[in-house]
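Residue-level structure breakdown
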Amino acid sequence: MKTFARFLAVGVLNTVVGYGTTFAALALGAPYLAATALGTALGLAVSFAMNRRFTFRHRGSPAAAALRFGGASLACYLSAFPAARAALADWAAAPLSPDQTAAVAGSVIYSLLHYAALRFVVFNPAKSSHESL
């Protein structure tokens, strides 16, 4: 449970960094796509660094772990959000719209999948003993 609690704390931090960066960039006049890309990139960087060191205390190759992290994050995103939208169809939890409800459900699914992927694949202690990068 300690690891999962640390994972959730890192999630709060990377969310604050990501949205803070996005909103700051927008306030400074950056175009939407540039602002959201910058915010997402910084949020993911914080997530990787903090989960690697603080949550999972990974001591293996940072480069190999970063490649696994990117792939796992993308796979979790592509699994969670479409699955939530398909499962909920047009159902909404008032006062949210169906899309907002699916986004919230997708975030929960993503977080659970991402935790499992980080714990058992990305930062698995067994991987650090035989990484090639």
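One can find the structure itself at the top, above this paragraph.
Attention in this report is confined to the structure presented alongside it. Since the structure is predicted, the reported quantities are computational estimates derived from the model, not experimental observations.

**Details of helix α4 (residues 98–122)**
Within the span of α4, buried status applies to Thr101, Ala102, Gly106, Tyr110, His114, Tyr115, Ala117, Leu118 and Val122. Buried residues along α4 sit in contact with α1 (2–27), α2 (32–55) and α3 (62–88).

**A look at the pattern of salt bridges**
Here the idea is simple: oppositely charged side chains can pair when their charged atoms come close. Within this structure, the stated rule accounts for two salt bridges. With its nearest N and O atoms 3.6 Å apart, the salt bridge here joins Asp90 to Arg85. Under the relative-accessibility criterion, Asp90 is labelled exposed at 63%. Accessibility expressed as a relative area gives 29% for Arg85, which makes it partly exposed. Among the ionic pairs, Arg85 bridges to Asp99, the shortest N-O distance being 3.1 Å. You can see Arg85 sitting in helix α3 and its partner Asp99 sitting in helix α4, a full 14 residues away along the chain.

**Topic: α2**
Taken as a whole, α2 has its buried residues at Ala35, Gly39, Gly43, Val46, Ser47, Phe48, Asn51, Arg52 and Thr55. At its buried positions, α2 is contacted by α1, α3 and α4.

**Focus on a nonpolar patch on the surface**
Taken together, the side chains of Tyr19, Phe23, Leu26, Tyr32 and Leu33 present a nonpolar region at the surface, about 610 Å² in accessible area. Every element with two or more residues in the nonpolar patch is listed here: α1 and α2. Residue contributions to the nonpolar patch peak at three residues, all from α1. The topology assignment puts Tyr19 in helix α1.

Rules of the game
- Residues numbered from 1 in each chain as written.
- Predicted model: local features only at pLDDT ≥ 70, side-chain atom pairs only at ≥ 80, totals over all residues.
- Heavy atoms only, no water.
- Buried < 20%, exposed > 50% of the residue type's maximum accessible area, 1.4 Å probe, protein only.
- Helix = DSSP H or I, 4+ residues; strand = E, 2+ residues; numbered from the N terminus.
- Contact = heavy atoms within 4.5 Å.
- Salt bridge = Lys/Arg side-chain N within 4 Å of Asp/Glu carboxyl O.
- Patch = residues over 30% accessible without salt bridge, like charges linked within 9 Å, V, L, I, M, F, W, Y side chains within 5 Å.
- Areas by Shrake-Rupley, 256 points an atom, 1.4 Å probe, with all protein chains shown as cover.

Functional significance is not addressed by these values, which are geometric in nature.
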